[in-house]
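Residue-level listing of the chains:
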Amino acid sequence: MASMNFRCLLLFSALIRLVLIFYGEWQDAHMEVRYTDVDYIVFSDAASLVASGRSPYERSTYRYSPLLAFLLVPNSILHPSWGKFIFSASDLLVGFFIYSILKIRKVPESVCLYSVAAWFFNPFTFTIGTRGNCEPIVCAMVLWIIISLMNGKVLQAAFWYGLVVHFRIYPIIYSLPILLILDASNFQSGKKPVTGNWNLKELKSSKSCSTRAMSQSNGNKGQKSSYLWFLCKSMVTRERVMFGLISGVMFFFWTALFFYLYGWEFLNEALLYHLTHSCICSIQQGYHSAVLCVVLLSVASDSTLEQYEAEMERFGMHCIMDGSSNSLADVGLSARVQRQECSYSAVVGEHTFLGCKYVGSFHDYSTP
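Residues numbered from 1 in each chain as written. Predicted model: local features only at pLDDT ≥ 70, side-chain atom pairs only at ≥ 80, totals over all residues. Heavy atoms only, no water.

(A) A look at the overall build of the chain. In terms of helices and strands, the chain carries 16 helices and five strands. Taken over 368 residues, the chain has a buried fraction of 40%. Restricting the contact set of the chain to residue pairs at least 6 apart, pairs at least 24 apart contribute 62%. Accessible surface computed for the chain: about 21,200 Å², of which carbon and sulfur atoms make up 65%. (Helix = DSSP H or I, 4+ residues; strand = E, 2+ residues; numbered from the N terminus. Buried < 20%, exposed > 50% of the residue type's maximum accessible area, 1.4 Å probe, protein only. Contact = heavy atoms within 4.5 Å. Areas by Shrake-Rupley, 256 points an atom, 1.4 Å probe, with all protein chains shown as cover.)

Shown next as structure tokens:
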């Protein structure tokens, strides 16, 4: 790693992503199993609708901000892989932001390079962007928010935070740690926040000092009560109010704009759907689908092979027509097992499928 520098890592990782994008085009054209993520097809269809002046939500299962569809309009103008290049470039930008954050903390160069290499050459990360998933854009924006906060640019961080929450609703979970960071002791008007240098020995010594200070403060009830009062009083600061105000304005601006353009269809698909969606296994649906299909074949002792094939064909047609990652939960595969009608149900911590109860793993099964 000593002979490598950040530029070499960046160029080599960019070459890997470029090769994978072109390989994906070849695999999609010559093999039955596609390399491209099914969500990318949904993105491209929605972008094509936007390019023709129509609503992106005319494409079923498009449940994202219209900003993504507008970003991928060149898919139907320049090249279908335009979005993959954007996502892969965002993936490289994540690596650059990781490097920048570590340099701000004055982390040794060797540790910086190892950390960046762990991102650049992780098969999971470079596969996501090259297959056409938009998550690298979200990761890049979140890291840019952290860099902005480390540089004392609270308003800039609030601008991007409101945008990323509109783009993908789940970054709202980062609001609490951001508000906790915006403390008066860390952020003072007109001054850059002090970021401690990365040093393992100093971190251990500061941790031991803080532990001794807490043990001493616990013995004095008067100091403890005054500290709690001071803590409650210091919760409302100028930086926190400004961050919440600016990020809220950004979020509601884009939401109001697209609500004006696309109406309740936008609100239901892009925002409200994610609050009411009940399937808990959509992230690992591909893995679950394969395992559950094996379970279906192995436990359906009273079911005929024709019934099994018919159910699988119906499930496959649903995947092709709908393009949803939650198709297995939506289609509700059912069969008659031991002369009882059973169906798939997604319950937190417990799954029942065709008379078999799954709790925690797919190894132990029991019939009700």
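(B) Examining the pattern of salt bridges more closely. Enumeration over the complete set of coordinates arrives at eight salt bridges. Residues Arg17 and Asp91 are paired through a salt bridge, measuring 2.7 Å at the closest nitrogen-oxygen approach. Remark: Asp91 occurs in helix 4 (residues 82–104) and Arg17 occurs in helix 1 (residues 6–30); sequence separation between them is 74 residues. A salt bridge links Arg63 to Glu269; its shortest N-O distance comes to 3.2 Å. Linking Arg63 in the loop between helix 2 (38–51) and helix 3 (66–71) with Glu269 in helix 13 (residues 264–276), this pair joins segments that are 206 residues apart in sequence. (Salt bridge = Lys/Arg side-chain N within 4 Å of Asp/Glu carboxyl O.)

(C) Inspection of the environment of Met150 at higher detail. Within the secondary structure layout, Met150 lies in helix 7 (residues 135–150). Expressed as a C-alpha distance, the spacing of Met150 and Ile181, which sit 31 residues apart in the sequence, is 10.0 Å.

(D) Fine view of the packing of aromatic side chains. With the rule as written, the count across this model stands at 26 aromatic pairs. The interplanar angle of 20° and the centroid separation of 4.4 Å between the aromatic rings of Phe6 and Tyr99 together place this pair among those described as stacked. A residue pair is termed long-range when its members are at least 10 positions apart, and Phe6 in helix 1 and Tyr99 in helix 4 qualify at 93 residues. Tyr99 carries the same exposure label as Phe6, and that label is buried. Each member of the aromatic cluster is reached from another via a ring pair, and the members are Tyr40, Phe43, Tyr57, Tyr62, Tyr64, Phe70, Phe87, Phe253, Trp254, Phe258, Tyr262 and Phe266. Directly above the aromatic system of Tyr40 lies the positively charged group of Lys84, at a separation of 5.5 Å from the ring centroid. (Phe/Tyr/Trp six-rings, centres within 6.5 Å; stacked < 30°, edge-to-face > 60°. Lys NZ or Arg CZ within 6 Å of the ring centre and 35° of its normal.)

(E) A look at a nonpolar patch on the surface. On the surface, a cluster of nonpolar side chains totalling about 560 Å² of accessible area is made up of Phe12, Leu15, Leu18, Val19, Phe22 and Phe85. Sorting elements by how many residues they give to the nonpolar patch places helix 1 first, with five residues. Structurally, the position occupied by Val19 is in helix 1. By relative accessible area, which is 49% here, Val19 ends up partly exposed. (Patch = residues over 30% accessible without salt bridge, like charges linked within 9 Å, V, L, I, M, F, W, Y side chains within 5 Å.)

(F) Structural context of unusual backbone geometry. A positive phi angle, near 70°, is found at Thr61, a position not held by glycine. Residue position: Thr61 is located in the loop between helix 2 and helix 3. Its identity is not glycine, yet Lys106 carries a phi of approximately 60°, on the positive side. With respect to the secondary-structure elements, Lys106 resides in the loop between helix 4 and helix 5 (109–120). Lys106 gets classed as exposed once you look at its relative accessible area, which sits at 54%.

(G) Geometry of the side chain of Ser90. Looking at the element boundaries, Ser90 is found in helix 4. If near-sequence neighbours (up to four positions away) are discounted, Ser90 is found in contact with Pro136, Ile137 and Ala140.

(H) Highlighting the side chain of Glu135. Following the sequence through the fold, Glu135 ends up in helix 7. With sequence-adjacent residues up to four places away left out, Glu135 is seen in contact with Arg168 and Tyr170.

(I) Highlighting the nonpolar core. Grouped together as the largest cluster of nonpolar side chains are 41 residues, with contacts concentrated most on Phe43, Tyr62, Leu68, Phe87, Val164 and Phe243. Where this core is concerned, the elements lending two or more residues are helix 2, helix 3, helix 7, helix 8 (154–167), helix 12 (238–262) and helix 13. It is helix 8 that provides the largest number of residues to this core, a total of eight residues. If we skip the residues at most four places from it in the chain, Leu68 touches Phe43, Tyr62, Phe87, Cys134 and Phe167. Listed in part, the 19 residues of the second largest apolar core include Tyr99, Val116, Ala140 and Met150. (Core = buried A, V, L, I, M, F, W, Y, C linked by side-chain atoms within 4.5 Å.)

(J) Layout of the environment of Gly132. Within the fold, Gly132 resides in the loop between helix 6 (123–131) and helix 7. Residues within four places of Gly132 in sequence aside, it is in contact with Tyr40, Phe43, Lys84 and Phe87.

(K) Focus on helix 8. Over its 14 residues, helix 8 runs 20 Å from end to end, which matches the ideal 20 Å to within 8%, given 1.5 Å per residue. Burial runs high along helix 8: 10 of the 14 residues are buried. Regarding helix 8, the residues found buried are Val154, Ala157, Ala158, Tyr161, Gly162, Leu163, Val164, Val165, His166 and Phe167. (Expected span 1.5 Å × (residues − 1).)

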